[in-house]
Amino acid sequence: MNAVTVIGSINMDTTLRLTKMPKPGETLHTSDIFHSGGGKGANQAVAAKRSGTNTAFIGAVGDDNEGATLLDLLAKEQIDISGISTIADTATGQAMIMVDNAGENSILIHAGANNAFHEAEVQQQKALIENSDFLIAQFESSLDATLAAFTLAKKAGKKTILNPAPALETIPTELLAQTDVIIPNGTETEIITGIEVTDEASLFQAATALHQLGIETVIITLGSKGAFYHTATQHGIVPAFKVKAVDTTAAGDTFIGALSSQLNPDFSNLPEAIRYGNLASSVAVQSYGAQPSIPHRTDLTFE
Ligand code: ADP
């Protein structure tokens, strides 16, 4: 069984359901509101753990009620939370997620504590990283902490997975040099490479551009179309499962966490692990919220 460490964001999500998105200056009523655990980092950790992986988390919350609730939620998942710092006089990260009737979402984020943990806190978690097969990061928390964690992982011979979300136009070259696998969605791919991915030719072009940044394994998620992968020795599209999506929040996070639970550290089963990621995320998009929608391995029906 893989051991996975995720470094990244933990947020308290407030999900608001609406018939349509508000225009500037418009006031609308919502049809539902609920709070749940979220943040790309925490979602990916929950997805990995619910697929049966030993999972640890490195991140931070504030010293408020939301922080205490989120720590409790992750502990109940049996995720190792010893790497999570509680930072005084700082708010826990929060996200306001609006979901319309078409299943589209718009999200506002207050990063809070997610941007208040740095290299010093990461250095204290060296053992967690060294005891993992994979280290996963995103761009919803402080970059210097992520870079320090990737440096520790590579020194220990571990594999690193970067989900470049939300996308940065310029990613530090030092971080890319230490990235084994990059997993952007179509929009993030375009922001990073300048190439709009519309067909197989543009996917190959974008993958080549990402390889030129020094990354060996490229996986581009394509929403309801599935995921494209490209390495020096293999490439292809693994189609998505056909389902009715009601809320795509955390689709990518579920894909990444679930994939990391199945992927052999030598990448020998890459298409199979992607298929498992597609299956887990196809379940996540059929219900509302981030962490509430992430399936357990036992919920998945394999054909
Ligand atoms: P993100 O959530 O980061 O924008 P994507 O939209 O590309 O990422 O979705 C990630 C994965 O979730 C896809 O590769 C696919 O497996 C699954 N997925 C997303 N939307 C759907 C959908 N409408 N139907 C089935 N699977 C989906």
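No experiment lies behind these values; they were computed from the predicted model shown. (Residues numbered from 1 in each chain as written. Predicted model: local features only at pLDDT ≥ 70, side-chain atom pairs only at ≥ 80, totals over all residues. Heavy atoms only, no water.)

Our focus in this paragraph is the layout of surface pockets. By volume, the largest pocket is sized at about 1300 Å³. Considering the residues around the largest pocket, the lining is formed by 50 residues, among which N185, T248, A250, A251 and G252 are closest to the centre. Contributing elements (two or more residues each) for the lining of the largest pocket: strand 2 (11-17), helix 1 (40-50), strand 6 (93-99), strand 7 (105-110), helix 7 (186-193), helix 9 (251-262) and helix 10 (270-284). In terms of residue count, the dominant contributor to the lining of the largest pocket is helix 9 (5 residues). Classifying every residue of the lining of the largest pocket gives 23 nonpolar, 19 polar and 8 charged. Size it by volume and the second largest pocket reaches roughly 170 Å³. Split into classes, the residues belonging to the lining of the second largest pocket amount to 4 nonpolar, 1 polar and 3 charged. (1 Å grid on protein atoms, 1.4 Å probe; cavity = no way out; pocket = protein on both sides within 12 Å on 5 of 7 lines; lining within 4 Å. Points joined across faces, edges and corners; volume = space filled by probe spheres on them. Helix = DSSP H or I, 4+ residues; strand = E, 2+ residues; numbered from the N terminus. Nonpolar A, V, L, I, M, F, W, Y, C, P; charged D, E, K, R; others polar.)

Let us look at the nonpolar core. Counting residues in hydrophobic clusters, the biggest one holds 36 residues, and the most contacted among them are I7, F117, V122, I129, L135, L162 and L175. Within the residue set of this core, elements represented by two or more residues are strand 4 (54-62), helix 4 (126-130), strand 8 (134-137), helix 5 (143-155), helix 6 (173-177), helix 8 (200-212) and strand 11 (217-221). With 7 residues, helix 5 is the single largest residue contributor to this core. For I7, the residues in contact, after removing those within four places along its chain, are I58, F117, V122, L135, I136, A137, Q138, A145, T146 and A149. Grouped together as the second largest cluster of nonpolar side chains are 34 residues, I10, V181, F255 and I294 included. (Core = buried A, V, L, I, M, F, W, Y, C linked by side-chain atoms within 4.5 Å. Buried < 20%, exposed > 50% of the residue type's maximum accessible area, 1.4 Å probe, protein only. Contact = heavy atoms within 4.5 Å.)

The subject of this paragraph is the pattern of salt bridges. Taken as a whole, this structure holds 5 salt bridges when the rule is applied. The partner of E77 in a salt bridge is R50, with the nearest N and O atoms 2.4 Å apart. Here E77, found in the loop between helix 2 (65-76) and strand 5 (80-87), pairs with R50, found in helix 1; they are 27 residues apart in sequence, far enough to count as distant. (Salt bridge = Lys/Arg side-chain N within 4 Å of Asp/Glu carboxyl O.)

Of all 7 residues in strand 6, 5 are buried, a share of seventy percent or more. Bridge count for strand 2 against strand 6 is 7 bridges, and the pairing is parallel. Bridged to D13 within strand 6 is A95. (Pairing = 2+ DSSP bridges.)

With that settled, consider helix 1. Since the α-helix advances by 3.6 residues per turn, residues separated by three or four positions end up pointing in the same direction. Among the 11 residues in helix 1, 10 count as buried, and that is most of the element. Regarding helix 1, the residues found buried are G41, A42, N43, Q44, A45, V46, A47, A48, K49 and R50.

By the secondary structure assignment, N269 is in the loop between helix 9 and helix 10. Taking the relative accessible area as the measure of exposure, N269 reaches 15% and is therefore buried. Separated by 2.8 Å, the side chain of N269 and the backbone nitrogen of N264 make a polar contact. If near-sequence neighbours (up to four positions away) are discounted, N269 is found in contact with Q262, L263 and N264. (Polar contact = N/O pair within 3.5 Å; in protein donor to acceptor, adjacent residues only side chain to side chain.)

A few words on the packing of aromatic side chains. By the definition in use, this model includes 2 aromatic pairs. Centre to centre, the rings of F134 and F267 are 6.5 Å apart; their planes meet at 25°, and the pair counts as stacked. Of this pair, F134 sits in strand 8 while F267 is found in the loop between helix 9 and helix 10, placing the two residues 133 residues apart along the sequence. Of the two residues, F134 and F267, neither departs from the other in class, the shared state being buried. A centroid spacing of 5.5 Å and a plane angle of 70° characterise the contact between F204 and F228, whose relative ring orientation is edge-to-face. (Phe/Tyr/Trp six-rings, centres within 6.5 Å; stacked < 30°, edge-to-face > 60°.)

Bringing the site of the ligand into the picture now. The environment of the ligand is made up of 14 residues, and the closest members are N185, T221, G223, G226 and N278. Measuring from an oxygen atom of the ligand, one finds a backbone N or O atom of G223 at 2.8 Å. A distance of 2.9 Å separates an oxygen atom of the ligand from a polar atom in the backbone of G226. In the complex, the protein chains occlude 84% of the 550 Å² of accessible area that the ligand would expose alone. Elements that contribute at least two residues to the shell around the ligand include exactly helix 9 and helix 10. Class assignment for the residues of the shell around the ligand results in 6 nonpolar, 8 polar and no charged. (Near = heavy atom within 4 Å. Areas by Shrake-Rupley, 256 points an atom, 1.4 Å probe, with all protein chains shown as cover.)

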